[in-house]
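Descriptive analysis of the structure
One-letter residues, chain by chain:
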Amino acid sequence: MKLADRMGRLGTESAFEVLARARALEHTGARVIHLEIGEPDFATPPHVVAAADDALAAGHTHYVPAPGILELRTAVAAFLERTGRLRTSPDRVVVTPGAKPIMFFTILALCQEGDEVLYPDPGFPMYESIAAFAGATPVPVPLREEHGFRMDPAELASLVTERTRLVILNSPHNPCGSVLTRQDVEAIAQVAIEHDLVVLSDEVYWAIRYGGEHASVLSVDGMAERTVLLDGWSKSYAMTGWRLGFGVFPQALVEPVTRLVINSVSCTSAFSQYAAIAALEGPSEPVERMVAEFRRRREVIVAGLNQVPGFTCQQPGGAFYVFPRVREVGLPAEELAERLLVRGGVACLPGTAFGAHGEGYLRFSYANSVEHIREALAAVEAVVRDEVHA
Ligand SMILES: Cc1ncc(COP(=O)(O)O)c(C=O)c1O
């Protein structure tokens, strides 16, 4: 069957492919430790599940307004103000099934042929894929290890042309675990203002930080009217399967994005939205416990990876990923990841799954128990010593 040309420009997320391969290996009886997965290995907090049960029992099983129920949009605005991130109003909030549609709809609404979209490389692979799908030209902004994998505002500025329309930021960052500083976001905001650019700020890992305040371009004067905030419940509340995300938009984008919601999904699941309110307004201890446990695992995995010959691993400031340099091992990242899976039973992702600048790196997720992380570290070290340095 002949597909539309645009399908040739749509990429994919190879984390799902590696997961499928790892599962296939498990079906043959092999044991695999999953460090490729980008989701918290914690249960959704019980008060959130109870709120969904109550909403179902109360009959919240029908269509609801496309941009989300007013109670949830109000709760999101209040949450953002309470946590010191942003003062906004409920009518700027659009709720979607997961945060990914916020990316999709923002880019579809803003970008077309002739436009350039600046995005982090390494970075979440959907940025490049969706920008290309929309007909725009994705332009990678390299994140360099020597700059702590943070976007360098000067390098960003050097890549702006008169065609640049959108800049995508992600902090805390997938896959590098880096976090932008206040100085970074101020300098990036200046670039955006000077060149009249829109910014998409992906803050889906906002809650998962290991010290220090969260710096967002949104807090810089003049940025709220040119910035889309992307966030959601998947990572912060261990709710990936609920499919719940939100965007906060400049006024001019609310109606077009709502129209995209109407044309695609109609609305987000009604009872899930009541659970989302409970997550924002209920006790924060489950999130704090989860982040404390991630912090413990981060110590273990960073120390362990730095023991592996040819590996060098920075300490990430947020999210639940480490991105060690493995160039000195002497194999392309994809081949090394494959050997670790097949010979060591450890599933991880090559840095190249996140863009060409990811060559020479691997991404390990530490959304797994300390026990499994230790076991995986021993297996990685054994594979590298035996197979690679033999
Ligand atoms: C950087 C980044 N943004 C957005 C998302 C999408 O999250 P959601 O599950 O809410 O669609 C992910 C998920 O892996 C991510 O890593």
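Please read these numbers as outputs of a predicted model, since none were measured by experiment.

The next thing to look at is the sheet that holds strand β8 (residues 245-248). Reading across the sheet, the 7 strands line up as β2-β8-β7-β6-β5-β3-β4 and stay open at both edges, with mixed pairing between neighbours. Single-partner strands in this sheet number two, and they are β2 (93-96) and β4 (137-142). Ignoring strand direction, the axes of neighbouring strands in this sheet form an average angle of 20°. As paired strands, strand β7 (residues 227-232) and β8 are joined by 4 bridges and run antiparallel to one another. Following the sheet pairing, Leu-229 is matched in β8 by Val-248. Here helix α3 (residues 70-82) sits on the sheet and contacts β2, β7 and β8; the angle it forms with β2, its principal contact strand, is near 115°.

All right, on to the environment of Phe-320 then. Considering the arrangement of structural elements, one finds Phe-320 in the loop between α10 (285-305) and β9 (321-322). Given a relative accessible area of 0%, Phe-320 falls into the buried group.

Next up on the list: the site of the ligand. The immediate surroundings of the ligand are formed by 14 residues, with Ala-99, Asn-174, Asp-202, Tyr-205 and Lys-235 found nearest. Measuring from an oxygen atom of the ligand, one finds a side-chain N or O atom of Ser-234 at 2.8 Å. Taking 400 Å² as the accessible area of the ligand by itself, protein coverage stands at 93%. The residue inventory of the shell around the ligand, partitioned by class, reads 6 nonpolar, 4 polar and 4 charged.

If you look at the biggest cluster of nonpolar residues, it comprises 104 residues, and the most contacted ones within it are Trp-233, Phe-311, Leu-362 and Phe-364. For this core, the element with the most residues is helix α12 (residues 370-388), which contributes 9 residues. In this view, Phe-311 contacts Leu-305, Asn-306, Pro-324, Arg-325, Val-326, Val-329, Leu-336, Leu-362, Phe-364, Val-380 and Val-384; residues no more than four positions away in its chain are not counted. Of all hydrophobic cores here, the second largest spans 21 residues; its members include Val-191, Ala-192, Val-199 and Val-220.

Tallied over the entire structure, the rule returns 22 salt bridges. When the shortest N-O distance is used, the salt bridge between Arg-31 and Glu-375 registers 2.7 Å. Taken as a pair, Arg-31 in the loop between α1 (14-27) and β1 (33-34) and Glu-375 in helix α12 lie far apart in primary sequence, 344 residues in all.

Considering the arrangement of structural elements, one finds Val-300 in helix α10. Owing to a relative accessible area of 14%, Val-300 belongs among the buried residues under this scheme. The spatial distance from the C-alpha of Val-300 to the C-alpha of Val-370 is 7.4 Å, given a sequence separation of 70 residues. In contact with Val-300, other than residues within four places in its own chain, are Val-370, Ile-373, Arg-374 and Leu-377.

Moving on, we get to the environment of Val-380. Position of Val-380 among the secondary structure elements: in helix α12. Between the C-alpha atoms of Val-380 and Leu-341, which are 39 residues apart in sequence, the distance is 9.3 Å. Discounting chain neighbours no more than four positions away, the residues touching Val-380 are Val-308, Phe-311, Leu-340, Val-346 and Phe-364.

Before going further, it helps to examine the packing of aromatic side chains. What characterises a pair of aromatic rings is the spacing of the ring centres plus the angle enclosed by the ring planes. For the structure on display, the rule yields 13 aromatic pairs. Their ring planes at 70° and their centres at 5.8 Å tell us that Phe-124 and Tyr-127 sit as a pair that is edge-to-face. By the burial criterion, Phe-124 is buried, and Tyr-127 matches it. Judged by centre distance (6.2 Å) and plane angle (80°), the rings of Phe-294 and Tyr-366 are edge-to-face. Residue Phe-294 is located in helix α10, and its partner Tyr-366 is located in the loop between β12 (362-365) and α12; the two are separated by 72 residues in the primary sequence. Here Phe-294 matches Tyr-366 in class, with each residue buried. Each residue in the set Phe-42, Tyr-205, Phe-294, Phe-320, Tyr-321 and Tyr-366 is aromatic and connected to the rest through ring pairs, giving one cluster.

Once that is clear, we can look at the packing of helix α2 (residues 46-57) against helix α9 (residues 270-281). Where α2 meets α9, the axes come as close as 8 Å, and the angle between the chain directions of the two elements is 145°. In this structure, α2 crosses over α9, and the sense of that crossing is right-handed. From α2, His-47, Val-48, Ala-51, Ala-52, Ala-55 and Leu-56 reach across to α9, where they touch Phe-271, Tyr-274, Ala-275, Ala-278 and Ala-279. Of the residues that constitute the contact of α2 with α9, the class distribution is 10 nonpolar, 1 polar and no charged.

Here is what the cut-offs are and how they apply
Residues numbered from 1 in each chain as written. Predicted model: local features only at pLDDT ≥ 70, side-chain atom pairs only at ≥ 80, totals over all residues. Heavy atoms only, no water. Pairing = 2+ DSSP bridges. Helix = DSSP H or I, 4+ residues; strand = E, 2+ residues; numbered from the N terminus. Axes fitted to C-alpha atoms, helices over the stretch in contact; angles between N-to-C directions. Contact = heavy atoms within 4.5 Å. Buried < 20%, exposed > 50% of the residue type's maximum accessible area, 1.4 Å probe, protein only. Near = heavy atom within 4 Å. Polar contact = N/O pair within 3.5 Å; in protein donor to acceptor, adjacent residues only side chain to side chain. Areas by Shrake-Rupley, 256 points an atom, 1.4 Å probe, with all protein chains shown as cover. Nonpolar A, V, L, I, M, F, W, Y, C, P; charged D, E, K, R; others polar. Core = buried A, V, L, I, M, F, W, Y, C linked by side-chain atoms within 4.5 Å. Salt bridge = Lys/Arg side-chain N within 4 Å of Asp/Glu carboxyl O. Phe/Tyr/Trp six-rings, centres within 6.5 Å; stacked < 30°, edge-to-face > 60°. Left-handed = near helix turned anticlockwise from the far one by under 90°.

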